Amino acid sequence: MAMYGAIPVIYGHGFNSTSGLFLHNAAELWVEITNNEVGADAFFMADSGALDLFIFLGPSPVDVVRQYTSLTGVAHLPPIWTLGYHQCRWGYADQQDVQTVIAEMDANDFPIDAIWLDIQHTQEMKFFTWNSENFSDPVSMLQNLSSTNRYLVVLSDCHFKKQEGYFVYDESLANDYFMKNLDGTVYEDEGWPGPSSWMDYLNPEAQEYYSSLYLYENWNDTTPTLGGVWNDMNEGATFNFTNERTFPYDVYHYGGVSNRDIHNMYGLLQVKATHKGLIDRDNGTLRPFILTRAHFAGSQRYAAFWTGDNTAQFGFISISFSMCLNANLLGTVFCGADIGGFFDEPTEELLQRFFQAGAWLPFFREHSNLGSERREPYVFSEEVQGPIRDAMKMRYEHLPVWYTLFYEHTRTGDPVIRPLLYHYPDDSDVFEIDDQLILGRDILVKAVDEAGVESVRMYFPGGEDLMWYSAYLDDTFYPGTGWIDVPVTIDRIPVYYRQGGIVPTKVPEASTTAMKDGFYVLTCVLDNNHTATGTLYVDDTLSFEYKDSQKYSYLSLEALEYDVVLSPIDDSEDEDFDIFVGVIVTITFDDDGKPVKRIYTHDVDGVPLVEKKFQGKEPLVIKLK
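Residues numbered from 1 in each chain as written. Predicted model: local features only at pLDDT ≥ 70, side-chain atom pairs only at ≥ 80, totals over all residues. Heavy atoms only, no water.

Attention shifts here to the state of the cysteines. As enumerated under the stated definition, the model contains one disulfide in all. Across a sulfur-sulfur distance of 2.1 Å, C324 and C335 are joined as a disulfide pair. Between C324 and C335, the S-S torsion sits near -70°, and that sign places the bridge as left-handed. Residue C324 is found in helix α8 (residues 315–329), and its partner C335 is found in strand β19 (residues 335–336); the two are separated by 11 residues along the sequence. (Disulfide = S-S within 2.5 Å. Helix = DSSP H or I, 4+ residues; strand = E, 2+ residues; numbered from the N terminus.)

Put into structure tokens, the structure is as follows:
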């Protein structure tokens, strides 16, 4: 039984094939898996609802994942700022606190793209209002954030305070938009504001009304800088312990539908309505961002999700990897965990390790409980700040990889982060590895999830002819021959590039906006045939024009000995995007198997690489020697 999300899918993998099963049932479910000598048995137990069963025939892990995502859908491309760093806590006290945090992050050289407000930003916990004392001038706060190229994300739950005069409650009550008890009265229970009622998102009129609350004319003092919404408590959670802190079975929705039958899709219905509201708010021009706690099959089309209320313990680092790897295999690719742990206080070492691991999960946010000690990176000593800063900058450095993979997910349904099994399905040693991940196909990452260690056990796949080269470009490398004890220090965690891949990066700056026009660095780890390949995706980073008008540039990257070629993959409208390559790094291995690193800033004729640009339809060939 799941606490926050339920995606009733199971994949089975063996040496010969992979298959999958999806039980499309939103009732309360229990799944029991037992392993035995000949394999595994899985039992799905549904409290009610229909037997609506889909079987995926594979035969590979890639095929099964694509079959599932082709059925339940994929997300649109997120705005690039959402792939940067998010600073959050429960909760920032006032708008001056918000301004101070951003200023201190800049002053201490920590990149950041968004700051979050919990429920304290509202007036008496009434959503779609502002606290008149602590956030008395939200427009000024938003203007200040906009001037620094940052965004605001705010909490908006699904329960509404029972109070006459609160416009959302009054209008919803008058129009019959709330969920009902069996006797036809409005369902009421305890939420954050006290006695509350819950929107019935199955009602088309209620869903339309809820979406309209996000419009600028209805949500006073909001601007596009309020770029995202955080839908929390949407399982739906209550503070009634007699009903397992959620809706009782016998409340019902529009059309007489019992909560017993659709309990697990309530969060999906909310984020769908939120998504529509944010789309309508900006007339369909800007990509919205939503973070949800509750999720079901299909939620990925509308929202990112995080793993919920974790604890400041080392074990939750590896748990964040395993949970987000599972989510990625189920189409929910935009996943992350609360860096540092929501509950309790992390040690300085634990916080550093959380940041280092979290930088390699799709959603990158620090968050903590009410009353927790301040954890913004700048409050610590420089000794502690250093590894955190390096991890954050490494995240920003690799934003071109992240953005390209998110785009490719919209085309193929492939995960953004992948278990080793995804690319090495014939290697039985990787079947149970879930504390390592591969970002795309070319970047191998191992979390450090123990205190005080000087080495970690890491698996390098692919065989003896495949090398994995350190992403820190320090000439450390390992062959793909299996388990190796890799030395670690507090400064960083193990990250390696696959031989045969091209990794596009940029010089990290204070925000994704500041990096938009920067040049690219191409790191080419050449294979034994002196070739390497990769891809790169570029668009305006914010709008839907990549879908509506095909305004984007999607490139194939090829390294052939001393030539690097950028070629268009699609016949897209890419004239608006000038792509500059400022540095090319090549890694080859000599006859003794030792790496040889070369860094190029000029072509063979002495022309600075940054003066060359890809634009239009013709390939760009860069000759290095």
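After that view of the structure, there is still more to cover.
With respect to the helices, strands and loops of the structure, F314 is situated in the loop between β18 (304–306) and α8. Relative accessible area serves as the criterion here: at 15%, F314 is assigned to the buried category. Setting aside chain neighbours within four positions, we find F314 in contact with E349, L350, R353, V448, D449, E450 and A451. (Buried < 20%, exposed > 50% of the residue type's maximum accessible area, 1.4 Å probe, protein only. Contact = heavy atoms within 4.5 Å.)

Within the secondary structure, Q207 sits in helix α5 (residues 204–212). With residues near it in sequence (within four places) discarded, Q207 still touches Y201, L269, K272 and A273.

Let us now look at the side chain of D563. Checked against the element boundaries, D563 lands in strand β32 (residues 563–568). At 3.1 Å, the side chain of D563 forms a polar contact with the side chain of K623. Apart from the residues lying within four places of it in its own chain, the contact partners of D563 are E558, I622 and K623. (Polar contact = N/O pair within 3.5 Å; in protein donor to acceptor, adjacent residues only side chain to side chain.)

Sheet architecture is open: four strands sit in the order β30-β31-β32-β36, paired in antiparallel fashion. Either end of the sheet is taken by a strand with one partner, and the two such strands are β30 (531–538) and β36 (620–623). Averaged over neighbouring strand pairs, the angle between their axes works out to 15° when direction is ignored. On the sheet, helix α11 (residues 399–412) packs against β30 and β31 (553–560) and is oriented at approximately 80° with respect to β30. (Pairing = 2+ DSSP bridges. Axes fitted to C-alpha atoms, helices over the stretch in contact; angles between N-to-C directions.)

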